[in-house]
Amino acid sequence: MTDSEDKYWLALKSIDGVGNVGMKKLVDACGSARRVFSAPVGNLKTIGGIGSTIIARIKAFDDWDKVDGELEKVAKLQAYILNYQDPIYPAALLNIYDFPPFLYVKGRLDPDDVYIAVVGSRMASSYGRYTTERLCREMGMKGITIVSGMARGIDSAAHRGALTGKGRTVAVLGCGLDIVYPPENASLMEEIASHGAVITEFPLGTQPNGPNFPARNRIISGMSLGVVVVEATDKSGSLITARMALEQGREVFAVPGSIDASGSKGTNRLIKDGAKLVESVDDILEELLPQIAGRREQEPLKETGTKKTERASTKASAPDDGLMEENERILYRMISTDPVDADSLIASSGLGTGIVLTTLMNMELKGRIRQLPGKTFIRKE
């Protein structure tokens, strides 16, 4: 087995007593997981919260065959280890106290992704599944990546909705990456990995035991800008996710339901307690738009893009053109009553993908353009 950096992350995590917070302290102080094992004892003693017992265990570690075996199994799954020093690691997740130092990943995470979590009851009603799929389909069409837990009911509907909208989606598991839970979601799991990613902090072979799910839920909320709860009983695990989201400083949204339905008691209570009521996807995006725009720094306008934009400006100018932001003016001039797709706008404008998608979302919320099926756009006359 090659002497990859991944083996040192796995080895350090396997040492009893290190934990997520301790692991971050060690890696930050030494610069990498590999250097933790070669660091002098005296240096390790200067790291706050790292006692002599843990240092002795690090120096005595010799179970490299087990670590190599785990890496071989990960490779056979066509998966990989993603540590928090990698720029692909979800940036928002770094802001929670005990974020996982690394994730097992099958599929592809994208640093430009805007993550919104959608969770809810495993015993979902037809109304709950339909509403979830519709919301997630529309968010997927707008370039939002849906995060959920691949459980039965609302979670599965959230992933399917995003996929139907030709969007990306991420499933966070409460078990090892080699375990399909629930088993009937085997094909869904593969589809998610092909159009997003399946991730977990748990080692291969870890079964979906109860205590794993609250830990899983902190990742779902932690990597997302906000959490949407669709159907939840008074004792639903989705309420734990909502509470974690609030503790992490994330926005919480809830879809209202019938006052007579037990599956709506949890969501209705969230609304009473201050969660934003969701009647349409716009209720979510209007609240999160400032954060979405803030995540994506504007790139300089390329010269070629400027020239292309000038050629495209033969179309009628926008109403209140002087009040529009520069990127909105650029894109508005390229949109007419003939549908144009986002990829064409990205290629012709010279603006970055994230900037174009954010600006289009903003223009749509302002009522200046309208999105049609297939991610095409026209002016809203």
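Everything in this summary refers to the structure shown in the same document. The written sequence of each chain sets the order in which its residues are numbered from 1. Only residues with pLDDT of at least 70 get local features here, since the model is predicted, and only at 80 or more are side-chain atom pairs given and counted; chain-wide, interface and lining totals rely on the full set of residues. To obtain the side-chain values, all non-hydrogen atoms of the structure were included, while hydrogens and water were left out.

**Describing the side chain of aspartate 110**
Next, step 1: Among the structural elements, aspartate 110 can be located in the loop between strand S2 (102-107) and strand S3 (114-120).
Next, step 2: As used in this structure description, the phrase polar contact means that two N or O atoms lie within 3.5 Å; if the pair is within protein, one of them must be able to donate a hydrogen and the other to accept it, and residues adjacent in sequence are counted only when both atoms belong to side chains. Looking at aspartate 110, its side chain comes within polar contact range of the side chain of arginine 108, at 3.1 Å.
Next, step 3: Contact criterion: two residues are considered in contact whenever any of their non-hydrogen atoms come within 4.5 Å of each other. Look past the residues within four positions of aspartate 110 in its chain and what remains in contact with it is Tyr115 and Arg168. The helix count covers DSSP runs of H or I at least four residues long, the strand count covers runs of E at least two residues long, and both are numbered beginning at the N terminus.

**Side note on the sheet that holds strand S12 (residues 376-379)**
Next, step 1: Pairing in this open sheet of 3 strands is antiparallel, and the strands run S10-S12-S11 from one edge to the other. Each edge of the sheet is formed by a strand with only one pairing partner; in this case those strands are strand S10 (340-341) and strand S11 (369-372).
Next, step 2: Strands were regarded as paired on the criterion that DSSP finds at least two bridges between them. Note that S10 and S12 share 2 bridges and pair antiparallel. Looking at the pairing, aspartate 341 lines up with threonine 376 of S12.

**Concerning the sheet that holds S3**
Next, step 1: Pairing in this open sheet of 9 strands is mixed, and the strands run S1-S2-S6-S5-S4-S3-S7-S8-S9 from one edge to the other. Each having just a single partner strand, strand S1 (80-83) and strand S9 (276-277) make up the two edges of the open sheet.
Next, step 2: Pairing geometry for S3 and strand S4 (residues 144-148), over 4 bridges, is parallel. The partner of valine 114 across the bridge, within S4, is isoleucine 144.
Next, step 3: Lines are fitted to the C-alpha atoms to define the axes, a helix being fitted only along its stretch in contact, and any angle between axes, read from their N-to-C directions, falls within 0 to 180 degrees. Its contacts with the sheet put helix H12 (residues 265-272) on strand S7 (226-230), strand S8 (251-255) and S9, and the angle it makes with S8 is roughly 130°.

**Quick look at the nonpolar core**
Next, step 1: For the purposes of this section, nonpolar cores are sets of buried Ala, Val, Leu, Ile, Met, Phe, Trp, Tyr and Cys residues that join through side-chain atoms within 4.5 Å. With a 1.4 Å probe rolled over the protein chains alone, any residue whose accessible area is under 20% of its type maximum counts as buried; one over 50% counts as exposed, and the rest are partly exposed. Core analysis: the largest hydrophobic core is formed by 72 residues, its most contacted members being Leu12, Leu26, Ile199 and Met223.
Next, step 2: Per-element tally for this core: the top contributor is helix H1 (residues 5-14), with 5 residues.
Next, step 3: Filtering out sequence-adjacent residues up to four positions away, methionine 223 remains in contact with Pro90, Ala92, Leu93, Tyr115, Val147, Val170, Val172 and Ile199.
Next, step 4: Ranked by size, the runner-up nonpolar core spans 25 residues in total, among them Val114, Ile154, Val281 and Leu289.

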